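# Results of the structural survey
Okay, here's what each chain looks like letter by letter:
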Amino acid sequence: MSITVEEAKAGADLTEILDLPLRLHAADPGYVAPLRPLVLRRLDPRNPFFRDARLRLFRARRGRETVGTISLLLDGRHDRHSGERTAFFGFFECERDPEAARALFGAVSERARAQGATSLRGPRNVTRVEDIGLLVEGYGSRPPMLAGHHPPYYRELVEAEGFSKRYDMLAYDTPLVDAAGRRRELPEALRRKADAVSLPGLEVRRVAVHRVSRDMEIAHAVFTEAYRGVPEVVPMSRAEFVNLGRAFVALASPRLLQIATVRGEPAAFAACFPELNEAFAAARGRLLPLGWARVLGALRRVRTASFKLIGVVPAFRSTGLHALLVRHVIDGLFAAGYERLEASLIHEDNAAMRHIVESAGCVPYRRYRVYERPLGGNR
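Residues numbered from 1 in each chain as written. Predicted model: local features only at pLDDT ≥ 70, side-chain atom pairs only at ≥ 80, totals over all residues. Heavy atoms only, no water.

## Quick notes on the pairing of strand β4 (residues 86–94)
Defined as follows: Only protein chains enter the area calculation, which uses a 1.4 Å probe; residues under 20% of their type maximum are buried, those over 50% are exposed, and those in between are partly exposed. The helix count covers DSSP runs of H or I at least four residues long, the strand count covers runs of E at least two residues long, and both are numbered beginning at the N terminus. By definition, two strands form a pair when at least two bridges between them are found by DSSP. Here, the term right-handed applies to a crossover whose path from the first strand over the helix to the second runs clockwise when the strands point away from the viewer.
For β4, a buried count of 9 out of 9 residues is recorded, marking the element as mostly surrounded by other parts of the structure. One ladder, built from 6 bridges, connects strand β3 (residues 65–75) with β4; its direction is antiparallel. Looking across to β4, one finds that Thr69 is bridged to Glu93. In this sheet, strand β5 (residues 119–122) lies alongside β4 in parallel orientation, the contact comprising 3 bridges. The partner of Thr86 across the bridge, within β5, is Ser119. Regarding topology, helix α4 (residues 98–114) serves as the crossover connection from β4 to the parallel β5, and that connection is right-handed.

In structure tokens:
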């Protein structure tokens, strides 16, 4: 029976697209279904990201059965920042069906070329910091939040369609306690750097609940400057940054969100959150009728913290300020009872960030690959 590819047009189509991975990965113990309300929030046209981006969703059918899904994203801010004409594919889910995969990639490639794109890159679902890359190492572990989980045959399907590696993203982790449950100390080199910080006018403090909007503005200012030269990172608008972070800040302990200013000016920030996938796994992707209760109960048992961002503005990078923030965060983790720290996802060419997490004793436990193929002609 032949494959047909259709664009999602209504709510029922979207539901079918989001239900497919639940069926495909139901027996995979590593799969964590994302909470449906959070996915819908990202896809909401009112998301500030879509002020300068367009997303289209497609499904492949064999007869009446949906056997694969994919999306096409055109990101105007990315193209202006990079000087490229790139389209992104995402929401890629597929049965072990090369014909379906070929039809999906063919459909988005044709539409991307029609919009003037010269290459197709992905996976990338929506923004640059959500669901980036295809899992190629670490299948036996559970994914960190904001990252996906894919069976090994997905790599075969993608590479069979002529895609090759553009870059990898790494997830790191380290235990915070030893086998006896005692606190593991930070590496000596990191402790020395933290102790040596001497900046007149430096203030390091927790994010304050009563001024969270102002503190997020400080974090955004640091993020913009600190990540300006990092490969593949496109600056976020303040509205986009706040929209992405607000839901996670609400679930985080203030101990794990650190802001540093020097004479009142933004200097650095560090953002660490409970590893929400440990709790989301209990909901099986749905909050109703009992999902909320399961998530809230599981949140109390989360023992992994996820280090998502640390940034230091260029003027203070050689001062050891990053080490001081890491120590503040680690102290907060112990006070909150966490036993494991993971850090994700980090571009393989981001030497500065890799040095920070590796100096804290972290080692890679998952690898995600971003693929690309040119769109110069028909395949």
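## As for the packing of helix α6 (residues 188–195) against helix α11 (residues 321–336)
Quick reminder of the rule: The angle between two axes is taken between their N-to-C directions and runs from 0 to 180 degrees, where each axis is a line fitted to C-alpha atoms and a helix contributes only its stretch in contact. When an angle is under 35 degrees it counts as roughly parallel; over 145 it counts as roughly antiparallel; between 65 and 115 it counts as roughly perpendicular; any other value is oblique. Any two residues whose heavy atoms approach within 4.5 Å at even a single point are treated as in contact. Throughout, the ten residues Ala, Val, Leu, Ile, Met, Phe, Trp, Tyr, Cys and Pro are labelled nonpolar, Asp, Glu, Lys and Arg are labelled charged, and all others, Gly among them, are labelled polar.
Where α6 contacts α11, the axes come no closer than 7 Å and their chain directions differ by 110 degrees. As judged from the angle between their axes, α6 and α11 are roughly perpendicular. Only His322, Ala323, Leu324, Val326 and Arg327 of α11 make contact with α6, whose side of the interface consists of Leu190, Arg191, Lys193, Ala194 and Asp195. Grouping the amino acids of the contact of α6 with α11 by side-chain chemistry returns 5 nonpolar, 1 polar and 4 charged.

## Some details on the environment of Gly68
Residue position: Gly68 is located in strand β3. Taking the relative accessible area as the measure of exposure, Gly68 reaches 0% and is therefore buried. For the pair Gly68 and Glu93, spaced 25 residues apart in sequence, the C-alpha separation works out to 5.4 Å.

## Digging into the confidence of the model for the protein chain
Selection criterion: The score called pLDDT rates the predictor's confidence residue by residue, from a low of 0 to a high of 100.
Per-residue confidence for the protein chain gives a mean pLDDT of 88, with 95% of residues at or over 70. Confidence, read as mean pLDDT per element, is least for helix α8 (residues 238–251) in the protein chain (71) and greatest for helix α5 (residues 152–160) (98).

## Brief notes about the nonpolar core
The nonpolar side chains of a soluble globular protein tend to be buried with one another. This is how it is decided: The definition of a nonpolar core used throughout is a set of buried Ala, Val, Leu, Ile, Met, Phe, Trp, Tyr and Cys residues joined through side-chain atoms within 4.5 Å.
Phe307, Leu321, Leu333 and Leu341 are the most contacted members of the largest nonpolar core, which totals 69 residues. The element that contributes the greatest number of residues to this core is α11, accounting for 9 residues. Dropping the residues within four chain positions of it, Leu321 is found in contact with Val197, Leu199, Leu202, Ala260, Ala267, Ala268, Val312 and Phe316. Among the nonpolar cores identified, the runner-up in size contains 28 residues, and Leu72, Leu120, Val158 and Phe163 belong to it.

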